[in-house]
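The chain contents come next:
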Amino acid sequence: MHVIVLNGGSSSGKSSIALRLQELLPDPWLHLGADTMVEALPPSLRTGGEGIGGLEDGNGTVEVGPVFATLDAAWTLGVAAMARAGARIVVDEVFLGGAASQARWRSALEGLDVLWVGVRCDPAVAAKREAARGDRAAGMAAAQASLVHEGVTYDLVVDTSRASVDDCARLVAGRATSDG
């Protein structure tokens, strides 16, 4: 296994699962994803317009501008290049474009052994987590809970509102180690 892609809405538990996977999996795995990419952006691209908007204000809707889209495509190819160079990577992603987002990742990761994992969470539970975090725009978790899964296919689906992060991570690790 080269790459594990965790896709889910904001506050669904992806990052917590990724961190737990780093402890459970036998080899070193890098944890990279949407938040990593956004944090690497210049501040001017985190406030909408040409970049990405809605992360800290608004009604929970994230808007992606053309410069962000270009950089995000380059980011995806860069993550794939690291995997091709031998790094094992857990990708913590939010497929805002649903099936189109997965298609972009599938193209970039072509030829690599990838485990596609859907991380689901009841919208009410995700909204409570979002409020407790305090670093997300209110409404983002509920808005993304189903949207990011539309048209996306998975090898495994976990639900952090029905199982603990540890249980979810163990399921993913078991599947990753049994597949390769």
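One can find the structure itself at the top, above this paragraph.
Structure report, in brief. (Residues numbered from 1 in each chain as written. Predicted model: local features only at pLDDT ≥ 70, side-chain atom pairs only at ≥ 80, totals over all residues. Heavy atoms only, no water.)

1. What about the overall build of the protein chain?
Helix and strand counts for the protein chain stand at seven helices and seven strands. For 180 residues, the compact-globule estimate of 2.2 N^0.38 gives 16 Å, and the C-alpha radius of gyration of the protein chain, at 15 Å, lies within 12% of that figure. In terms of overall dimensions, the protein chain has a C-alpha envelope of 45 × 35 × 30 Å along the principal axes. Per-residue burial for the protein chain yields a buried fraction of 45% across its 180 residues. (Helix = DSSP H or I, 4+ residues; strand = E, 2+ residues; numbered from the N terminus. Rg over C-alpha atoms; globule rule 2.2 N^0.38 Å. Buried < 20%, exposed > 50% of the residue type's maximum accessible area, 1.4 Å probe, protein only.)

2. Things to note about the pattern of salt bridges
Evaluation of the coordinates by the stated rule reveals seven salt bridges. Measuring nitrogen to oxygen at the nearest pair gives 2.9 Å for the salt bridge that ties Arg 104 to Asp 72. Of this pair, Arg 104 sits in helix α4 (residues 99-108) while Asp 72 sits in helix α3 (residues 66-84); the two residues are 32 residues apart in sequence, bridging distant segments of the chain. Judged by relative accessible area, which is 30%, Arg 104 ranks as partly exposed. Shared partners join several salt bridges into a network, and the residues in it are Arg 20, Glu 23 and Asp 166. (Salt bridge = Lys/Arg side-chain N within 4 Å of Asp/Glu carboxyl O.)

3. A few points about the packing of aromatic side chains
For the structure on display, the rule yields zero aromatic pairs. Cation over ring: Arg 106 sits above Trp 116, and NZ or CZ is 4.7 Å from the ring centre. (Phe/Tyr/Trp six-rings, centres within 6.5 Å; stacked < 30°, edge-to-face > 60°. Lys NZ or Arg CZ within 6 Å of the ring centre and 35° of its normal.)

4. Remarks on the pairing of strand β6 (residues 114-120)
On a regular strand, one side chain projects to one face of the sheet and the next to the other, so that they alternate. Counting buried positions over the seven residues of β6 gives six, a clear majority of the element. When strand β1 (residues 3-7) meets β6, the two strands line up parallel, connected through five bridges. Note that in β6 the partner of Leu 6 across the bridge is Val 117. In this sheet, strand β7 (residues 156-159) lies alongside β6 in parallel orientation, the contact comprising four bridges. By the bridge assignment, Val 119 is partnered in β7 with Val 158. (Pairing = 2+ DSSP bridges.)

5. Looking at helix α6 (residues 140-147)
Of all the residues in α6, the buried ones are Met 140, Ala 141, Gln 144 and Ala 145. Angularly, the buried residues of α6 cover 130 degrees about the axis, an arc narrow enough to put them on a single face. Turning to α6, the residues buried within the fold contact α5 (123-133). (Arc of directions from axis to C-beta. Contact = heavy atoms within 4.5 Å.)

6. A word on the nonpolar core
Formed by 19 residues in total, the largest nonpolar core has its most connected members in Ile 4, Leu 6, Ile 17, Leu 21, Val 117, Val 158 and Val 172. Contributions of two or more residues to this core are made by β1, α1 (14-24), β6, β7 and α7 (165-179). A per-element tally of this core places α7 first, with five residues. In this view, Val 117 contacts Ile 4, Val 5, Leu 6, Asn 7, Tyr 154, Leu 156, Val 158 and Val 172; residues no more than four positions away in its chain are not counted. (Core = buried A, V, L, I, M, F, W, Y, C linked by side-chain atoms within 4.5 Å.)

7. Side note on the sheet that holds β7
The pairing of strands in a sheet happens through backbone hydrogen bonds and is either parallel or antiparallel. Strands sit in the order β2-β5-β1-β6-β7 across an open sheet of five strands; the sheet is parallel. Strands with a single pairing partner mark the edges of an open sheet, and in this sheet they are β2 (29-33) and β7. Neighbour-to-neighbour, the strand axes of this sheet turn through a mean angle of 20 degrees, independent of strand direction. Pairing of β1 with strand β5 (residues 88-93) involves five bridges; the strand directions are parallel. Bridging across to β5, Leu 6 finds its partner in Asp 92. (Axes fitted to C-alpha atoms, helices over the stretch in contact; angles between N-to-C directions.)

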